[in-house]
Amino acid sequence: SSGFGIAYISSTTPGSTVLTVKIGGITISTFPQLYFSEPPEGQGTKNVSIKRSLIATTPSPIRGDGKEQVHITVTVRNEVGSRLSGKNVVVSSTRIGDTLTPVGATTTGTEGFVEYLFSSSIAGTAVVSATIDGMKIVDEQAVTVSPIVE
C-alpha cells in the first residue's frame, strides 16, 4: 500500500459542501468547501435521464373491482437529477384490460411530474412503466390487484 487514494465525488444538486477525509475514524483533513454547479446549457440539463426518472405508486394492493385506484406519479429528471418541465409522459401496463387515466395534463409542469390513476378488475400483478418523449425509462413498478372474494 502506497498511502495513495483516489475518490470521485459527485452531487445531484447544485450547492456547496465541506468534505472531510477520515481513516479509521480519525480525521485526516477537512477541505474548506466543494462547489457543485449545473452543467453548461446543452450538456445534460435539458435531456431526460431514463435512469433518474422514477415511477411511484400508492397504494397497492387494490381490490379488483374496477373502482379502487392506485395513484401513479412519474417524476422526470435530467442527468444531474433536476426535474424537467415540458416533457410528454405516457404510462402503460403489461396487461390488457387495465385502465390508466391521466390526472390533468400528460406533459410535465414546472414541478416535473405527471399523475395517472390505475384501476383494474383483473386479479394479479401488473407492471407499470412509462415513456417520456418516446423514451422508455428504466424504473418500473408492480401493482397488485386482489381478487374479489364474495
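Bear in mind that the values here come from a model prediction, so they are computed numbers and not experimental data.

Definitions and limits used
- Here, residues in each chain are numbered from 1, in the same order as that chain's written sequence.
- Selection of residues for local features in this predicted model requires a pLDDT of at least 70, selection of side-chain atom pairs for listing and counting requires 80 or more, and totals for whole chains, interfaces and linings are taken over all residues.
- Note that water and hydrogens are dropped before the side-chain values are worked out from all heavy atoms of the structure.
- Every helix listed is a DSSP run of H or I at least four residues long, and every strand listed is a run of E at least two residues long, numbered separately from the N terminus.
- With a 1.4 Å probe rolled over the protein chains alone, any residue whose accessible area is under 20% of its type maximum counts as buried; one over 50% counts as exposed, and the rest are partly exposed.
- Here, residues are in contact when the closest pair of their heavy atoms is within 4.5 Å.
- The method behind every accessible area is Shrake-Rupley, applied with a 1.4 Å probe, and residues are considered shielded solely by the protein chains displayed.
- Two strands form a pair only when DSSP identifies at least two bridges running between them.
- Any Lys or Arg side-chain nitrogen found within 4 Å of a carboxyl oxygen on Asp or Glu counts as a salt bridge.

### A short note on the overall build of the chain
Regarding its fold elements, the chain presents 0 helices and 11 strands. Shown N-terminal to C-terminal, the secondary structure of the chain runs as helices and strands in the order β-β-β-β-β-β-β-β-β-β-β. Taking all 150 residues of the chain together, the buried fraction comes to 28%. When contacts within the chain are restricted to residue pairs at least 6 apart in sequence, long-range pairs at least 24 apart make up 57% of them. Roughly 9,300 Å² of accessible area belongs to the chain as shown, and the carbon and sulfur atoms make up 55% of that amount.

### Remarks on the pairing of strand S11 (residues 141-146)
Of the pairings in the sheet, the one linking strand S4 (residues 62-63) to S11 comprises 2 bridges and is parallel in character. Directly across from arginine 63, in S11, lies its bridge partner serine 146. Relative to S11, strand S9 (residues 124-132) is paired through 5 bridges, and the arrangement is antiparallel. Residue pairing for S11: valine 128 is matched across the bridge by glutamine 141.

### Here we look at unusual backbone geometry
The amide bond that connects threonine 58 to the next residue, proline 59, takes the cis arrangement and shows omega of -20 degrees. When you line up the elements, proline 59 lands in the loop between strand S3 (54-58) and S4. Here the amide bond leading from serine 60 into proline 61 is cis, since omega sits at 15 degrees, within 30 degrees of zero. Mapped onto the fold, proline 61 is located in the loop between S3 and S4.

### Observations regarding the pattern of salt bridges
Tallied over the entire structure, the rule returns 5 salt bridges. Linking arginine 63 and aspartate 65 is a salt bridge whose minimum nitrogen-to-oxygen distance equals 3.3 Å. Through salt bridges with shared partners, a single network forms among Arg63, Asp65 and Glu68.

### Here's the deal with the environment of serine 16
Among the structural elements, serine 16 can be located in strand S1 (residues 15-23). Residue class for serine 16 comes out partly exposed when judged on its relative accessible area of 43%. Filtering out sequence-adjacent residues up to four positions away, serine 16 remains in contact with Gln33, Leu34 and Tyr35.

### Section: the pairing of strand S8 (residues 113-119)
As paired strands, strand S5 (residues 70-75) and S8 are joined by 6 bridges and run antiparallel to one another. Residue pairing across strands places valine 70 opposite phenylalanine 118, the latter belonging to S8. Where strand S7 (residues 99-103) lies against S8, 5 bridges are found, and the strand directions are antiparallel. Bridge pairing in S8 places valine 103 opposite glutamate 115.

Read these as layout, nothing more, since geometry by itself doesn't imply function.
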